[in-house]
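Summary of the model geometry
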Amino acid sequence: MSKLTSLSEAIHQHVHNGDLVYAAGFTHLIPFAAGHEIIRQGIKELVLARATPDLIYDQMVAAGCARKVIFSYSGNPGVGSLKWLRDGMQNGSLEWEEYSHFGMISRLQAGASGLPFMPMRQTGALDLERANPLYQRVQDPYGGEDVVVVPALHPDVAIVHVQRADSEGNAHIWGILGEQREAAFAAKRVILTAEEIVDAELIRSDPNRTLIPSLVVSAVCQVPWCAHPSYTQGYYDRDNDFYLGWEEMSKDEAGVKAYLDEWVYGVRDREEYLAKLGPNTQERLKPGLRLSAPVNYGSY
Amino acid sequence: MSKLTSLSEAIHQHVHNGDLVYAAGFTHLIPFAAGHEIIRQGIKELVLARATPDLIYDQMVAAGCARKVIFSYSGNPGVGSLKWLRDGMQNGSLEWEEYSHFGMISRLQAGASGLPFMPMRQTGALDLERANPLYQRVQDPYGGEDVVVVPALHPDVAIVHVQRADSEGNAHIWGILGEQREAAFAAKRVILTAEEIVDAELIRSDPNRTLIPSLVVSAVCQVPWCAHPSYTQGYYDRDNDFYLGWEEMSKDEAGVKAYLDEWVYGVRDREEYLAKLGPNTQERLKPGLRLSAPVNYGSY
Amino acid sequence: MPEAEYNATELMIINAARLLKDGDQVFVGVGIPNLACNLARRTHAPNLQMIYEAGVIGARPNRLPLSIGDPTLVSGALSVCSMFEVFSLYLQRGNIDVGFLGGAQIDQFGNINATVIGDYQHPKVRLPGSGGSMEIAAWANRCYIMTPHQKRRFPARVDFRTSAGFLAGRAEREAAGVRGGGPQAVVTNLGIMEPDETGEMILTALHPGATVEEAQANTGWALKTAAHIRVTEPPTENELRILREELDPAGIYLKGGG
Amino acid sequence: MPEAEYNATELMIINAARLLKDGDQVFVGVGIPNLACNLARRTHAPNLQMIYEAGVIGARPNRLPLSIGDPTLVSGALSVCSMFEVFSLYLQRGNIDVGFLGGAQIDQFGNINATVIGDYQHPKVRLPGSGGSMEIAAWANRCYIMTPHQKRRFPARVDFRTSAGFLAGRAEREAAGVRGGGPQAVVTNLGIMEPDETGEMILTALHPGATVEEAQANTGWALKTAAHIRVTEPPTENELRILREELDPAGIYLKGGG
C-alpha cells in the first residue's frame, strides 16, 4: 500500500509540539527540507536529537522550535561552532543532554534492537558520565571490567532522507550511512524523504541495498534536493559555501531572521526553494557519473 | 599487499590441531572446500562452531577432526538430522555447547564489536540457559527486566566464503549474509575464499557492498565452487539433491567412508573436485542472469 | 474422520492460513508454514509479508524452497540483512506479528521441546535444537503451531523447554516479562487447541468428522474443551486448488504429511 | 625561532607525519591530521590506511574534504559502513592503530577538554563536545595531538576531561582497564612532548631554533625535559613540496595556522 504524501502533510500528521525528533544524517542526507517545514508549521517545544546538530538544528533553535537538544558534537564541521545552540546552552535558555558519538548512536542501536540498553567499553573519561546520569555502569558477569551503558532511545519521530524508495517506503541508501537505519528502527514513527520514488522492481533488483523496509515507515515523501545545503551522494554535492557562510549569517538575530524570511518562510515548499536556488547553483553542485559495478543475484 | 595463497597453504598455516574454527555461512556460502582440505590435512581435536553445523561439520566429525561442536541448530535443513553429530552427542564421544541462533550470533557480535558480552531480552525458556553456564543474567540499571547475556566468541580462525574480493581481501558479499561479517571481525585469523579475485577498482566502485575489509583478513584464496553442495548467490544453486542424498549416504560408516574416499581424499583440491563433478552438474546448478540496478556514487 | 477429498496436511495448512490476517508480518520457516502463508496471501491476506530468519524480508520465491536459505528467496526480495539484524531489528524489536513453531513435543501450556528426548546431558534422542524458535516463541506477537494430533507429541510435560509457551501458566509468562503473546493456536489434523485464561491449551474447534473423544485419546493430558466447540469450515475447492496446483504442484510437502 | 621557509602549521604536520608507520590503520579527522596522513602515505608509509568516523575505510579523496563526511571520501573508497559499525567493529574491537585528537585544553597527563570552559552546568564557553574523541582517546593503540604551543592550551588541569590521556598518571589509566596506549606525542610548533614512565607529558624534542625556555613559558605546568632533548630534522624540500603543491595547493589548512 502506497504511503506517498506531501512533506507538509507528513510533518503535520507526525510531528507534534513537544515531540522528540531525530532528523538523521551524519553530514550526508541531512533532511533540511523537513526542518524548514517544521519551522514553517510553527511546531514548538521539540526535543531535537542528533549526533551532530549541524546547521539544521541551529536554524530550528533560532526559529524557536526547540526546548532541548540531545547531541554528541555541536559544531559546524570543519568551520566552527553553532552559535544558537552554543548561546542557548550558555545563557540557560536551552536544555541539553550530551553523549560521545558512540554513546549517542548506541542509544539508537539499543532502541532499534528492542534492547533496554547497550554496553560499551570504558573510556577512562568520567566527566561526561558524571554529568549525564543516563550513563550507567554494569558489571561484566564474566569477570572483566565493568561496562558503561546507555539506555535505548525511541524518538517519537525519525526523519530519514534516502536516495530512492518505492511508494511503500522500501529504501536504497548508499554513501555515508550515519545512523539512518538505526534511527528508523528505533523511532515510533518514521517520515521517509527520497530524492526519487522508483518502481518496487528496481528496489527488488538489489535487496541487500534496502536498508530501511516499508515495515517501519509511516509516510513517504518525494523531495528532490531535500538535503541541500547538506548533500545526497550521487545526486548533489555538499554546498560548502553555504556552510562557510552560515558562520557570518548566524552571527546575530537580524542575520538569521533575514535567512529564515528568505529561504524558509519566504518559500512554500522545497520546490519553491529549489527554483529560488536556481539552475546555476544546481549545476555547480552536480557530480559526474560514477556507477557501481552490478552484481548478479541470479534467477532461481 | 596481496594476501593471495592456495587454500591448502592457507589451511596449513592458519588452522592448527585444537583450534576453535568458525566456518561461516547460513545455508549460503558454506566453505565446503575448506572443510575438505582440513580433513585431507588430518587436523584433529578441533572445536567446530557454527550456528548450523550443516553437512560440512557432519563430514568433519565423521572424518575425526572434531573434539567438540558449538551450535544452535544441528539439522540437515528441510531434510532431517545430522547423523554423526547426533550420534556423537548421544554416545558421549562428542562434546557440545549449545545456544539459540540469536545466542550464537550474539556471541559473534560481541566478539566482532570488542565487547565482553551481548545482552538479549528474556525468552522465558530457561532450560538451555540452565544447561549452558555461559548464559548469564545482568540487571537492567534502568529498572526493567534482567537481560540474558552471552560472552564474546573469538574463534582462532574464521573461514569466510564470498562472491568476489580483491587480492588484499576486501570483499563484496550479497544474498543471505548470515554471520559472515561478524565471524570475520570476531576471529583472530581469517581465511577468505572467493569465487573470483577482482581488481581493487571494481571493489572501490561500490564501497557500501564491501562487508569485509582487508584489515581483518589473513589469507585470500581463489576457490571457484568452494561452497558446493551449498551455494553462492548468482554463481551456482544449492545442490538440493546432494543434501537429500546425504541422509542415506551418511547412514553408516561404510557410506561416509565411500563418500570421503571419493570426494575428499580422492581429489587433490577443489579444482579436481570440480572436474569430477563434471559439466552436467555445473550446468544444472547455473542460475540465469539477474543483475542489480546500478547506483551512482558520483565523482567529486 | 470420514474419507475426505483432502488429507491431514492440507487440512492443517488451510486452517492455519485462515488464522493469518492481512498485513501480518510473519516470521516463517520452510515447509508447511511457508505454504500456509502463501495460501493466505492468495486468498484473504494479500498484504501479508514473509520474513525469514535467514534475513530475507518480503521474499517472492519462484519455486518451493527446500531450505530456509534458498537463493530463490533472495532474488527479487524487498530487503536482505544479516542474521543478527533480523533477530535484533525485527524480532527483538517487536516488529513481528506472527511466528510459526514446531517441535517433537508440545505440552499442556504450549511449551515446546525441539532439543532432546530424555536427559539433556545424556540424550536418548538428540534433536536439532532451538534454531530461531526460542526467540520466535518469546517475541512474536502471536505464535501458531501445526502438528499431527498424536499422544507422543502432546505430553503433559515436555522433556526440555526449548521455547516458551505459557510456562506453567499465563501468570508465569507475564512475570518473566516476555514480550510476545505466546501460542495462540495449535492446529492439528483433528481440530484446533487454543489457550484459555490460564494459558492451558484447550480444544476449541474440531474439523468436520473429528470428535472430542478422538482428540482426547491422542492428547497426553486431560484435555479440556471450550464451552462451545466450533466446527471448522471444510477446505474449499479454491483453497485446495491453490495449494495443489499453484503452491506445491509436485506434492513435496502436501504428500509428505507435514 | 629563526625566520624559516616553513610555517608553524607545516612544521607540526610534517613532524606528526613522521610519527606514522607504514601499514598503520589511522582513525583520522579532516584538517591537518588528514594532511599528515596523506603526507606519510606519499613518503615513508604508502600502506597507511585512513579510516573516518563517518564510516569510510580506505578513502582516496580527489579533493581536500572540508567536512568529515565529504562525498569525495566515499567515491572510490574500499568500504563504507554505518557509524555504529565503525565505532564497534573498528575502534572498540581494537583494529585502530592511530587516532588523532585535538581540543581547547590539554593537560600535564594528556587529558583533553573539548567540551566546556568553566562549569559544565553553567558554561562560560561551550565547546562542541566529544564527537568521536572520547572513544578514540581510549581505544586507539596510539594517539597523537597537534596543537600550537600556548599557555592557555596547556593548563595543569583541564576544566573538563572530554577524553582520557593518562588521567592522574599511567597507573590510573591502567586500572581503568582502558584498551589503547594513550597519548604518545603532543606535536607543537616548538617541539614534541611525550609521556614519561608516569604518564606525564615531558619535552623530548625541540624543532630547530626553539628553546626549552620558550616551551616552558608557553606551558601551564612545570615542564619536565628528557635527559637528552632531540632536535627534530627540519622539514625537507620534498615534504614541503608535497604538502604545498599536491595536498593543499589552495592553502586552505596550511595558511590557516591549524
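Residues numbered from 1 in each chain as written. Chains lettered and ligands numbered in written order. Predicted model: local features only at pLDDT ≥ 70, side-chain atom pairs only at ≥ 80, totals over all residues. Heavy atoms only, no water.

**Side note on the overall build of chain C**
If you tally the helices and strands in chain C, you get eight helices and 14 strands. Expected size for 258 residues packed as a compact globule is a radius of gyration near 18 Å; at 18 Å, chain C falls within 12% of this value. Dimensions of chain C, computed from C-alpha atoms along their principal axes, come out at roughly 50 × 45 × 35 Å. When contacts within chain C are restricted to residue pairs at least 6 apart in sequence, long-range pairs at least 24 apart make up 66% of them. For chain C, the computed accessible surface area is about 8,700 Å², with 50% contributed by carbon and sulfur atoms. Placing the 23 positive and 27 negative side-chain charges of chain C at their respective mean positions leaves the two points 4 Å apart. (Helix = DSSP H or I, 4+ residues; strand = E, 2+ residues; numbered from the N terminus. Rg over C-alpha atoms; globule rule 2.2 N^0.38 Å. Contact = heavy atoms within 4.5 Å. Areas by Shrake-Rupley, 256 points an atom, 1.4 Å probe, with all protein chains shown as cover. Lys, Arg positive; Asp, Glu negative; His and termini not counted. Charge placed at Lys NZ, Arg CZ, Asp CG, Glu CD.)

**A few points about the overall build of chain A**
Secondary structure assignment for chain A yields eleven helices and 14 strands. If one aligns the C-alpha atoms of chain A with their principal axes, the spans along those axes are about 65 × 55 × 35 Å. Taking all 300 residues of chain A together, the buried fraction comes to 68%. Pairs at least 24 apart in sequence give 74% of the contacts found in chain A among residues at least 6 apart. For chain A, the accessible surface area stands at approximately 9,200 Å², while carbon and sulfur atoms represent 48% of it. (Buried < 20%, exposed > 50% of the residue type's maximum accessible area, 1.4 Å probe, protein only.)

**Let's talk about the interface of chain D and chain B**
Chain D puts 25 residues into the contact, and the matching count from chain B is 25 residues. Where chain D abuts chain B, roughly 2,200 Å² becomes buried across the two surfaces, and 51% of that area is made up of carbon and sulfur atoms. When the buried area of chain D at its contact with chain B is split by residue, L78, L89 and R93 of chain D rank highest and sum to 30% of it. Here chain D and chain B share two salt bridges between them. (Buried area = accessible area lost by both parts, 1.4 Å probe. Salt bridge = Lys/Arg side-chain N within 4 Å of Asp/Glu carboxyl O.)

**Examining the sheet that holds strand β12 (residues 191–195) of chain D**
Residue and element names in this part refer to chain D. Read across the sheet, ten strands follow the order β4-β3-β2-β1-β5-β10-β11-β12-β13-β14 without closing on themselves; strand pairing throughout is mixed. Sheet topology places β4 (79–80) and β14 (225–231) at the edges, where each strand pairs with a single neighbour. Relative to the sheet, helix α4 (residues 83–92) contacts β1 (25–27), β2 (49–52) and β3 (56–57), its axis offset from that of β2 by approximately 140°. (Pairing = 2+ DSSP bridges. Axes fitted to C-alpha atoms, helices over the stretch in contact; angles between N-to-C directions.)

**Details of the interface of chain B and chain A**
Chain B puts 51 residues into the contact, and the matching count from chain A is 51 residues. Both faces considered, chain B and chain A share a buried interface measuring about 4,500 Å² in area, 56% of it formed by carbon and sulfur atoms. By the criterion of area lost to chain A, the three top residues of chain B are Y142, R290 and Y300 of chain B, representing 16% of everything that side buries. If you look at where chain B meets chain A, you find two salt bridges. Linking R209 of chain B and D206 of chain A is a salt bridge whose minimum nitrogen-to-oxygen distance equals 2.9 Å.

**Brief notes about the nonpolar core**
In terms of nonpolar packing, the biggest core is built from 387 residues, with F100 of chain C together with F100 of chain D touching the most fellow members. With residues up to four places along the chain from it excluded, the contact list for F100 of chain C reads A16, L20, V26, F27, V28, P33, A36, C37, I136, Y144 and M146 of chain C. F117, V138, V147 and V149 of chain A belong to the second largest nonpolar core, which has eight residues in total. (Core = buried A, V, L, I, M, F, W, Y, C linked by side-chain atoms within 4.5 Å.)

**Concerning the domain arrangement of chain A**
All names here are of chain A. When the domains of chain A are assigned, the result is domain 1 (7–103 + 153–284) and domain 2 (117–151). Using only C-alpha atoms to locate each centre, domain 1 and domain 2 end up separated by 30 Å. Taken together, the contact pairs seven residues of domain 1 with seven residues of domain 2. Connecting domain 1 to domain 2 are zero salt bridges. (Domains from an automatic or database assignment.)

**Re the packing of helix α5 (residues 101–113) of chain A against helix α4 (residues 83–92) of chain C**
Their axes nearest at 6 Å, the elements α5 of chain A and α4 of chain C cross at an angle of 75°. By the criterion of interaxial angle, the relationship of α5 of chain A to α4 of chain C is roughly perpendicular. Between α5 of chain A and α4 of chain C, the residues in contact are Q109, A112 and S113 of chain A and F84, S88, L89 and Q92 of chain C, respectively. Along the lines of polarity and charge, the residues of the contact of α5 of chain A with α4 of chain C split into three nonpolar, four polar and no charged. (Parallel < 35°, antiparallel > 145°, perpendicular 65-115°, else oblique. Nonpolar A, V, L, I, M, F, W, Y, C, P; charged D, E, K, R; others polar.)

**Here we look at the sheet that holds strand β3 (residues 56–57) of chain C**
Remark on secondary structure: sheet strands pair via backbone hydrogen bonds, oriented parallel or antiparallel. All names here are of chain C. The ten strands lie next to each other as β4-β3-β2-β1-β5-β10-β11-β12-β13-β14, forming an open sheet whose pairing is mixed. Strands with a single pairing partner mark the edges of an open sheet, and in this sheet they are β4 (79–80) and β14 (225–231). Pairing geometry for strand β13 (residues 201–206) and β14, over three bridges, is parallel. Residue pairing in the sheet places L203 in a bridge with T225 of β14.

**With respect to the pairing of strand β1 (residues 20–23) of chain B**
All names here are of chain B. Burial of the side chains of β1 extends over both faces: L20 and Y22 are buried on one face and V21 and A23 on the other. Where β1 lies against strand β2 (residues 46–49), three bridges are found, and the strand directions are parallel. Residue pairing across strands places Y22 opposite A49, the latter belonging to β2.

**Re the relation of the copies chain B and chain A**
Mapping chain B onto chain A is achieved by rotating through 180° and translating by 0.0 Å along the same axis, at an RMSD of 0.0 Å. The relationship between the two copies is best expressed as a two-fold rotation axis. Taking the C-alpha atom as reference, chain B places P294 of chain B closest to the rotation axis, 2.9 Å from it. Both copies contact each other with a shared surface, as 100% of the interface residues of chain B are interface residues in chain A too. (Least-squares fit on C-alpha atoms with pLDDT ≥ 70 in both.)

**Observations concerning unusual backbone geometry**
Residues and elements named next belong to chain A. Residues H228 and P229 are joined by a peptide bond in cis, for which omega reads 10°. Mapped onto the elements, P229 comes out in the loop between β14 (219–222) and α9 (240–249). The phi dihedral of W225 falls on the positive side, at around 60°, and the residue is not glycine. Its place among the elements puts W225 in the loop between β14 and α9.

**Thoughts on the packing of helix α2 (residues 32–42) of chain C against helix α8 (residues 237–247) of chain C**
Residue and element names in this part refer to chain C. Interaxial distance between α2 and α8 falls to 10 Å at its minimum, and their mutual angle equals 115°. Read as a crossing pair, α2 and α8 show a hand that is right-handed. The residues of α8 that touch α2, namely those facing L35, N38, L39 and R42, are E239, I242, L243, E246 and L247. Split by residue class, the contact of α2 with α8 holds five nonpolar, one polar and three charged. (Left-handed = near helix turned anticlockwise from the far one by under 90°.)

**Describing the confidence of the model for chain C**
The predicted model of chain C has a mean per-residue pLDDT of 94, with 97% of residues at 70 or higher. Across the interfaces of the predicted complex, the ipTM metric reaches 0.97, alongside a pTM of 0.97. (pLDDT = per-residue confidence, 0-100.)

**Regarding empty space enclosed by the protein**
Applying the stated criterion across every chain, the model contains seven cavities of 30 Å³ or more. What the largest cavity holds in volume is close to 700 Å³. Along its surface, the largest cavity is lined by 37 residues, and R181 and L211 of chain A, R181 of chain B, E85 of chain C together with E85 of chain D are the ones closest to its centre. (1 Å grid on protein atoms, 1.4 Å probe; cavity = no way out; pocket = protein on both sides within 12 Å on 5 of 7 lines; lining within 4 Å. Points joined across faces, edges and corners; volume = space filled by probe spheres on them.)

**Notes on the packing of aromatic side chains**
Describing an aromatic ring pair means giving the distance of the ring centres and the angle of the ring planes. Per the counting criterion, the structure on display carries 32 aromatic pairs over all chains. Measuring from ring centre to ring centre gives 5.5 Å for W246 of chain A and Y259 of chain A, while their planes differ by 80°; the resulting arrangement is edge-to-face. Linking W246 of chain A in helix α9 with Y259 of chain A in helix α10 (residues 253–265), this pair joins segments that are 13 residues apart in sequence. Given the relative accessible area of 0%, W246 of chain A is considered buried. Classification of Y259 of chain A by relative accessible area gives buried; the value is 3%. Ring geometry for F100 of chain D against Y144 of chain D: centres 6.2 Å apart, planes inclined by 50°, an arrangement best described as tilted. Taken together, the residues span a long stretch of sequence, with F100 of chain D in strand β5 (residues 98–101) and Y144 of chain D in strand β10 (residues 142–146) at a distance of 44 residues. In this pair, the class of F100 of chain D matches that of Y144 of chain D, namely buried. Grouping aromatic residues by their ring pairs yields a cluster made of F102 of chain A together with F27, F84, F87 and W139 of chain D. Here the basic side chain of R238 of chain A rests over the ring of Y243 of chain A, its NZ or CZ set 3.6 Å away from the ring centre. (Phe/Tyr/Trp six-rings, centres within 6.5 Å; stacked < 30°, edge-to-face > 60°. Lys NZ or Arg CZ within 6 Å of the ring centre and 35° of its normal.)

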